[in-house]
Amino acid sequence: MARSLSARKRARQSTKKKLYNQVVKSHIKTHLKKMRLMLAATDKPVGKENMAGEICKTYKLIDNAVSKGVIHKNKAARLKSRMTIAANKFVQK
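Residues numbered from 1 in each chain as written. Predicted model: local features only at pLDDT ≥ 70, side-chain atom pairs only at ≥ 80, totals over all residues. Heavy atoms only, no water.

### Examining the overall build of the protein chain
- In terms of regular secondary structure, the protein chain is built from three helices and zero strands.
- Over its C-alpha atoms the protein chain spans a radius of gyration of 18 Å, topping by over 25% the 12 Å that the globule rule assigns to 93 residues.
- Its C-alpha atoms give the protein chain principal-axis dimensions of about 60 × 25 × 15 Å.
- The buried share among the 93 residues of the protein chain stands at 23%. (Helix = DSSP H or I, 4+ residues; strand = E, 2+ residues; numbered from the N terminus. Rg over C-alpha atoms; globule rule 2.2 N^0.38 Å. Buried < 20%, exposed > 50% of the residue type's maximum accessible area, 1.4 Å probe, protein only.)

Have a look at this one:
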C-alpha cells in the first residue's frame, strides 16, 4: 500500500482511469462485434444506409477513444481500415 499522500492519490486516480478505459474499450469492442454480425448475416438484408449509420457510430467511438488517450492512433486507424474494407466487400456483393 502506498504511504505518502501523493502516492495514495495517484493510486486512486489510476484506479478510476482504468475503469473508464475499460468501459470505453468495451463499447468499441461491442460495436465492432455488432458490425461483424451485420456483415455475416446473409439471410436478412441489411440496407446500405443502416450499414453507413453503424460505421459512423463506430468511427465516432474510436475517434473519441483516441482523443482521450484510451487507444493508440495507429490501432484506431487499423480498426477503421479493416471495418471499412469489410463493409465495402459486403456492399459490393
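So much for the structure itself; the text now carries on.
### Focus on the side chain of E54
- Its location among the elements puts E54 in helix 2 (residues 48–68).
- By relative accessible area, which is 8% here, E54 ends up buried.
- The contact partners of E54, leaving out residues within four places of it in the chain, are H31, K34, M35 and M38. (Contact = heavy atoms within 4.5 Å.)

### Points about a positive patch on the surface
- Taken together, the side chains of R8, K9, R10, R12, K16 and K17 present a region of like positive charge at the surface.
- Within the element layout of this structure, R12 appears in helix 1 (residues 5–40).
- Exposure remark for R12: the relative accessible area of 51% places this residue in the exposed category. (Patch = residues over 30% accessible without salt bridge, like charges linked within 9 Å, V, L, I, M, F, W, Y side chains within 5 Å. Areas by Shrake-Rupley, 256 points an atom, 1.4 Å probe, with all protein chains shown as cover. Salt bridge = Lys/Arg side-chain N within 4 Å of Asp/Glu carboxyl O. Lys, Arg positive; Asp, Glu negative; His and termini not counted. Charge placed at Lys NZ, Arg CZ, Asp CG, Glu CD.)

### Topic: the pattern of salt bridges
- Using the criterion set out here, one finds two salt bridges in the structure.
- With its nearest N and O atoms 3.7 Å apart, the salt bridge here joins K57 to E54. Linking K57 with E54, this pair stays in helix 2, spanning three residues, or about one helical turn.
- K80 is paired through a salt bridge with D63; the nearest N and O atoms lie 2.8 Å apart. You can see K80 sitting in helix 3 (residues 73–92) and its partner D63 sitting in helix 2, a full 17 residues away along the chain.

### Some points on helix 1
- In a regular helix each residue adds 1.5 Å, so 36 residues correspond to 52 Å; helix 1 covers 53 Å between its end C-alpha atoms and thus fits that length.
- Among the residues of helix 1, V24, I28, H31, L32, M35, M38 and L39 are the ones counted as buried.
- Those residues of helix 1 hidden inside the fold are in contact with helix 2 and helix 3. (Expected span 1.5 Å × (residues − 1).)

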